[in-house]
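# Per-entry structural report
This is what each chain is made of:
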Amino acid sequence: MKDLAYRTASSYQQAKQHANDNPEAFWADIAKNFEWHTPWNKVLEYDFHTPEVNWFLGGKLNITENCLDRHLKTQPDKTAIIFEPNDPNDAAQHISYSELHSRVCRAANMLKANGAKKGDRICIYMPMTPELAIAVLACARIGAIHSVVFAGFSATALAARINDAECSILLTADGGFRGAKVTPLKDIADEALTSCPSIKNCIVLKRTGQYVSWNNMDLWWHEELEKVNDNCPAEVMDSEDPLFILYTSGSTGKPKGMVHSCGGYMVYTAYSFQNVFQYQKGDVYWCTADIGWITGHSYIVYGPLAVGATTVMFEGVPSYPDYGRFWEVCAKHKVNQFYTAPTAIRALQKHPVELVNKHDLSSLKVLGSVGEPINAEAWHWYDKHVGKHNCPIVDTWWQTETGGILITSLAGVTPQKPTFATLPMPGVQAVLLDNEGNEIEGETEGILAIKHPWPSIARTIWGDHERYKNVYFSAYPGYYFPGDGALRDAEGNFRITGRVDDVVIVSGHNLGTAPIENALNAHKAVVESAVVGFPHDVKGNALHAFVIPNSEVDPNELTDELRVLVAKTIGPIAKPDRIQVVSGLPKTRSGKIMRRILRKLAAGEYDQLGDVSTLLNPEIIQEIKQNS
Ligand code: WTA
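The sections below set out a description of the structure shown in this document.

### Section: the sheet that holds strand β15 (residues 256-261)
Across the sheet, which stays open at both edges, the 8 strands sit in the order β12-β11-β8-β6-β7-β14-β15-β24 with mixed pairing between neighbours. If you trace the sheet from one side to the other, it starts and ends with β12 (218-220) and β24 (460-461), each paired once. Here β15 pairs with β24 via 2 bridges, running antiparallel. Note that in β24 the partner of M258 across the bridge is I461.

Have a look at this one:
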C-alpha cells in the first residue's frame, strides 16, 4: 500500500493547503489508496443541522479486506499482532497476516454458524487476548455490528449496553488476567444475561481455565471453531453501513452508543495512524489501551492493520509484576512507537527511575499520549526518561465520537509544544467559539468546535438521532461541539483545557457524573447526591461525591455501601475517591445544584467560591467546608 504519511514539513504544508482549498478532492485522493469493490460516486454529503454526514457515497468495501486480504499479496508472513500476555513467564505470540486472516475467517464462520448476519449486533465482553481483535474483525467480515464493552464494566452496565443495541450474540471468556487479579467475566456475563432477552447465544473463550457455570445458550469458542473452516468471503458493505457501536458516557444516565460507519472510519484511522506516528515499514508499534475503548479500536486494530503494521496487544497492567513492565515489553519487542495515557505516566513516574533505566529503550522513535491533558511534569518525565530527549511526543486530542485523532503534531514533522496538542490534522477545521457561538481568532481561549466533517465522525447515537443532534450540534449550530474547552497560542497551537460539561476524565476514562449520581441515589438511605471531579496527581481527576442521607445512618457504613453499589452498577473505575455525607447541597433559588461551587469545594479552593449570597442555602457552604 502507498505510504499515506507526509514525511516532511513541506509535504505537510502542501497537504494542509490542499485540504483547505478542496477538502473533497483531498479526501478522495487518500481514499483511492484503499480497496473498494465499487468506487464512490460522491465524496461527501452533509448538513450539520439535521445532522447528516455521508462519506464516499455509493462506495462498496469490506474493511477486513483492507486490513487483511490485501496484505496477503505483499507480506503474508509479516507479523500483524504481537501478543504479550499478562504473565511475563508466558510466551509472547507472533501472529502473521496470513494466520490472522485465517483465524478471522474461521471466527466469522463460527458467528455465521450461530445465526449471525449482516446488520446484527454482537456484543464483545472479552479480555485483551488476540481473540478479542479476532472477534472484532470477524464481525466486520460478515457485516455484523460489533459493540465491545470494556471488560471492567459491571453486569448492570453490560446488560444496559446489550439491551440498548439488542445484541443477538455475546462473545465472552471464562475469565481475564489483569495483573495479580482474575476477573470472572463469565460470572458477570451470566448475571447480565438474566436480563438480556435479545441474546440467543453466548460463546465463551477459555482463557483462565477457571470453573464456570453453564447455561443452555452457552457454547465453547474452541468447540464452535472446530465445526467450521476458514473460507469466508467478505460481506460487501456500503461505505455508510455501520461498522460498530461503542458506548461513551454522557451527561444523562444513559450511555451513548456512538455509531461509526465503514468507509470513512477506515480511511481516517489509517491516514491518521500513519501520519501521527510516522509509522514506517518494519516498525513495531504499541498502544497500551484496551480494545474496549476507542483508542484500541482505532489504533490497535483498524488503523495499524489497514496500513499493514505490526501492532502489539498487551494483556496486562503497567504495575505487574513491577512498575517496569511497560519498559520491559518495549525492550523485549523492540517497540518503535509507544502510545499511552498520561495517567499511566503519572503513576510510573512515582517509582524509582531505575525501573525505566534498566531496560534498553533504544528502539523507541516516537512517544504518544492520549485521553486527557498531559501536565508539564509528566510530559518532561516521559521525554527525559523514556524518550531520552530523542523521541518526539505526540499529544493526540480526539474522542470516541471523532473516531480518530483530530489535533496533534506529526512525530518529528511538525513542532511539538509541551502540554499542547498543537495543530489540527490536515483536513480538520478546528475553531474556537465564544459563549455566543461566534468564532474568535488569534491567541485566545474558548470552546473548541469543528466546522467541517472529517471521514470518521460518528454518524449517530444508536437508536437516538435526536440526542446526537442535541448533544453535539445544537449548542453551536453549524458546528460539531465536542464538549471541551481549549486555548490557542499565537502560532495557532491548541491546548485542551478540559471538559466544559458534566463529564469527568478519571485516569483517562470518560465518566458522566449523572450515571454515578443515579447509582448513589438508588441506595435506600440516600436522598440526593452530586458528583464532581477534583484534581488528582495520578488520575488527573478523581471523583468527590456529596451525599445527603435520609435518616441517622453511620456515615462510614454508608460510604462503604455506596462504593460497592457504584462498582456494581457501573464498574470499579467509577468508584468515587471521596464520599462526603452532608445535610444539604448548595442550590440556586430555582433548586438547581450549584456544581461550580461543589467543584471549588472539592478542590479545596475556598477562596474562589465567588458570591454565594444568592444561594437558597448559603449556610451549607460552611458545613461542607468543616466536615470535608
Ligand atoms: C479528553 C479518548 C486533552 C477530552 C480518545 C475528550 C484529551 C475526551 C486528549 C474523549 C488530549 C482526549 N488532551 N484532553 N490529548 N485526548 N482528551 O471518548 O476531554 O474516551 O473530549 O476518547 O478525552 O475521551 P474518549
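Continuing now.
### Quick word on the pattern of salt bridges
Counting across every chain of the model gives 32 salt bridges. R595 is the partner of E517 in a salt bridge, and the nearest nitrogen-oxygen pair spans 2.9 Å. With a gap of 78 residues between them, E517 in helix α16 (residues 513-521) and R595 in helix α18 (residues 595-602) connect regions that are remote in the sequence. For E517, a relative accessible area of 8% translates into the label buried. Taken together, the shared-partner salt bridges in this structure form one network comprising E84, R325, E328 and K332.

### Observations regarding the packing of helix α1 (residues 9-21) against helix α2 (residues 23-31)
Packing of α1 against α2 leaves a shortest axis separation of 5 Å and a crossing angle of 125°. With respect to each other, α1 and α2 are oriented oblique. Contacts between α1 and α2 pair A15, H18, A19, N20 and D21 from the former with P23, A25, F26 and D29 from the latter. Within the contact of α1 with α2, the residues separate by chemical class into 5 nonpolar, 2 polar and 2 charged.

### Observations concerning the environment of H389
Within the fold, H389 resides in the loop between α14 (376-386) and β20 (393-396). Considered as a pair, H389 and Q580 are 191 residues apart in the sequence and their alpha carbons are 44 Å apart.

### What about the packing of aromatic side chains?
Scanning the entire structure with this criterion turns up 41 aromatic pairs. Look at F153 and W293: their rings are 6.0 Å apart centre to centre, the planes differ by 65°, and that puts the pair in the edge-to-face class. With F153 in the loop between β7 (145-148) and α6 (155-165) and W293 in the loop between β16 (284-287) and α10 (294-306), this residue pair connects regions lying 140 residues apart in the sequence. Of the residues examined, F153 reaches a relative accessible area of 11% and is grouped as buried. Taken together, the ring pairs in this structure connect Y6, F26, W27, W36, W40, W55, F56, Y268 and Y271 into an aromatic cluster. Note that K417 overlies the ring of F420, its terminal NZ or CZ placed 4.2 Å from the centroid.

### Regarding the pairing of β16
Along β16, one buried face is formed by V284 and W286 and the opposite face, lined by Y285 and C287, is buried too. Sheet topology note: the β16/strand β17 (residues 310-314) ladder contains 3 bridges and is parallel. Bridge pairing in β17 links Y285 to T311. Regarding topology, α10 serves as the crossover connection from β16 to the parallel β17, and that connection is right-handed. Relative to strand β18 (residues 337-340), β16 runs parallel, the two being bridged by 3 bridges. Counterpart to W286 in the pairing with β18 is F338.

The rules behind each value
- Along each chain, residues carry numbers from 1 onward, in the same order as the chain's sequence is written.
- Reporting of local features is limited, given that this is a predicted model, to residues whose pLDDT is at least 70; pairs of side-chain atoms are given and counted only at 80 or more, and all residues count toward the totals for whole chains, interfaces and linings.
- To get the side-chain values, take all heavy atoms of the structure and skip hydrogens and water.
- Two strands form a pair only when DSSP identifies at least two bridges running between them.
- Secondary structure elements follow DSSP: runs of H or I of four or more residues count as helices, runs of E of two or more count as strands, with numbering from the N terminus.
- We define a salt bridge as a contact between a side-chain nitrogen of Lys or Arg and a carboxyl oxygen of Asp or Glu at a distance within 4 Å.
- Accessible area is worked out with a 1.4 Å probe on protein chains only. A residue is then buried under 20% of its type maximum, exposed over 50%, and partly exposed in between.
- Fitted lines through C-alpha atoms give the axes, limited to the stretch in contact for helices. The angle between two N-to-C directions lies from 0 to 180 degrees.
- Oblique is the label for every angle not falling under 35 degrees (roughly parallel), over 145 degrees (roughly antiparallel), or within 65 to 115 degrees (roughly perpendicular).
- Whether two residues touch is decided by their heavy atoms; if any such pair falls within 4.5 Å, the residues are in contact.
- Under the grouping applied here, Gly and all other residues not named as nonpolar or charged are polar, the nonpolar ones being Ala, Val, Leu, Ile, Met, Phe, Trp, Tyr, Cys and Pro and the charged ones Asp, Glu, Lys and Arg.
- Between the rings of Phe, Tyr and Trp (Trp by its six-membered ring), a pair exists once the centres lie within 6.5 Å; its type follows the angle of the planes, with under 30 degrees stacked, over 60 edge-to-face, and the other angles tilted.
- Placement of a charge over a ring requires the Lys NZ or Arg CZ to be within 6 Å of the ring centre, with the centre-to-atom vector within 35 degrees of the ring normal.
- Handedness is read with the strands pointing away from the viewer; a crossover is right-handed when the path from the first strand over the helix to the second is clockwise.

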